[in-house]
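# Survey of secondary and tertiary structure
In case you want the letters, here they are:
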Amino acid sequence: MAKSKKRTPAPKAAVAQDKPTTLKDLLSSDVLEKLKAQADEAKAAEAALKEQERQQAEEARQAEQKRRDNDFEYLLNNSAMDWKKHK
């Protein structure tokens, strides 16, 4: 019969000790939660700012289109020149 090798849990403990401590490990859970909440607030504020900029751009585009619709020269230059279909 072959001898069975005994496995020791010592390497697992050594691996855990070899890992460097991270900032997450050093911070307390309440400070970590505050930082996460602050990051979420910053993301929400950035999303709101982008939405506001998008709405302003849309309003500016609509105002420009309305101005162009009242400009006869623009309408004449950009209209289809096939007047036969309107007879």
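Nothing here was measured: the structure is a model prediction, and the numbers come from that model.

## Describing the overall build of the protein chain
The secondary structure content of the protein chain amounts to four helices and zero strands. Taken from the N to the C terminus, the helices and strands of the protein chain come in the order α-α-α-α. Here the protein chain holds 87 residues, and the buried ones make up 0% of them.

## Some thoughts on the pattern of salt bridges
Overall, the coordinates contain five salt bridges when judged by the stated rule. Two residues, Glu46 and Lys50, come together in a salt bridge whose shortest N-O distance is 3.8 Å. Note that Glu46 and Lys50 are positioned in helix H3 (residues 29-69) at a spacing of four residues, about one turn of the helix. Salt-bridge contacts for Glu51 lead to Arg54; the nearest nitrogen and oxygen are separated by 2.6 Å. On the criterion of helical spacing, the pair formed by Glu51 and Arg54 is a turn pair, its members being three residues apart in helix H3.

## Some words on a nonpolar patch on the surface
Together, Phe72, Leu76, Met81 and Trp83 line one region of the surface with nonpolar side chains, adding up to about 510 Å² of accessible area. Of note, Trp83 is situated in the segment after helix H4 (72-78).

Definitions and limits used
Residues numbered from 1 in each chain as written. Predicted model: local features only at pLDDT ≥ 70, side-chain atom pairs only at ≥ 80, totals over all residues. Heavy atoms only, no water. Helix = DSSP H or I, 4+ residues; strand = E, 2+ residues; numbered from the N terminus. Buried < 20%, exposed > 50% of the residue type's maximum accessible area, 1.4 Å probe, protein only. Salt bridge = Lys/Arg side-chain N within 4 Å of Asp/Glu carboxyl O. Patch = residues over 30% accessible without salt bridge, like charges linked within 9 Å, V, L, I, M, F, W, Y side chains within 5 Å. Areas by Shrake-Rupley, 256 points an atom, 1.4 Å probe, with all protein chains shown as cover.

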